[in-house]
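Structural description and commentary
One letter stands for each residue in the lines below.
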Amino acid sequence: SVLRALEATAVREVKPGLLRFPVWPARWAIAIGFAVLACEYSARVWEEWHSTPTAASLIPSMPSELQRMVGQQGVGPQSRIIDTLDRLNENERES
């Protein structure tokens, strides 16, 4: 992408037509955008690898703790779906 931007800049690439529209700035924008995206992903990976885990980030990796929390709430996502389906079936039978 950077090589393509360099080539387009060297020849001052334009889009032919009624108005000659320069293409080379857009090629640089794409190359710079990819570079910024790569830096952002690299920074996030670096931060993730070098951060100290907190209790909140460890909860999903502890199945027994997660089951205890769901048990305390008494309603898990699966039971809510089943309850909703039961109510729909009852409504269909009544009508």
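**Quick notes on a nonpolar patch on the surface**
On the surface, I30, F34, L37 and Y41 cluster together into a nonpolar patch covering about 430 Å² of accessible area. One can find L37 in helix 2 (residues 24-50). Assessed through its relative accessible area of 39%, L37 is described here as partly exposed.

**Structural notes on the pattern of salt bridges**
Enumeration according to the criterion identifies four salt bridges in this entry. The closest approach of N and O atoms between R27 and E13, which form a salt bridge, is 3.0 Å. Residue R27 is located in helix 2, and its partner E13 is located in the loop between helix 1 (2-11) and strand 1 (14-15); the two are separated by 14 residues in the primary sequence. Its relative accessible area of 24% is what places R27 among the partly exposed residues. Among the charged side chains, a network of salt bridges with common partners joins R4, E7, E13 and R27.

**What about the packing of aromatic side chains?**
On inspection of all chains with the given rule, the structure shows zero aromatic pairs. The side chain of R12 reaches across the aromatic face of W24, ending 4.9 Å from its centre.

**Notes on the confidence of the model for the chain**
Per-residue pLDDT for the chain has a mean of 76; in total, 67% of the residues score no lower than 70. Confidence, read as mean pLDDT per element, is least for helix 4 (residues 63-73) in the chain (57) and greatest for helix 2 (90).

**Digging into the packing of helix 1 against helix 2**
The interhelical angle for the contact between helix 1 and helix 2, taken along N-to-C directions, is 160 degrees, at an axis separation of 9 Å. Taken together, helix 1 and helix 2 sit at an angle that is classed as roughly antiparallel. As helix 1 packs across helix 2, the resulting crossing turns out to be left-handed. Between helix 1 and helix 2, the contacting residues are V2, R4, A5, L6, A8 and T9 on the first element and W24, R27, W28 and A31 on the second. Taken together, the residues that form the contact of helix 1 with helix 2 break down as seven nonpolar, one polar and two charged.

Definitions and cut-offs
Residues numbered from 1 in each chain as written. Predicted model: local features only at pLDDT ≥ 70, side-chain atom pairs only at ≥ 80, totals over all residues. Heavy atoms only, no water. Patch = residues over 30% accessible without salt bridge, like charges linked within 9 Å, V, L, I, M, F, W, Y side chains within 5 Å. Areas by Shrake-Rupley, 256 points an atom, 1.4 Å probe, with all protein chains shown as cover. Salt bridge = Lys/Arg side-chain N within 4 Å of Asp/Glu carboxyl O. Helix = DSSP H or I, 4+ residues; strand = E, 2+ residues; numbered from the N terminus. Buried < 20%, exposed > 50% of the residue type's maximum accessible area, 1.4 Å probe, protein only. Phe/Tyr/Trp six-rings, centres within 6.5 Å; stacked < 30°, edge-to-face > 60°. Lys NZ or Arg CZ within 6 Å of the ring centre and 35° of its normal. pLDDT = per-residue confidence, 0-100. Axes fitted to C-alpha atoms, helices over the stretch in contact; angles between N-to-C directions. Parallel < 35°, antiparallel > 145°, perpendicular 65-115°, else oblique. Left-handed = near helix turned anticlockwise from the far one by under 90°. Contact = heavy atoms within 4.5 Å. Nonpolar A, V, L, I, M, F, W, Y, C, P; charged D, E, K, R; others polar.

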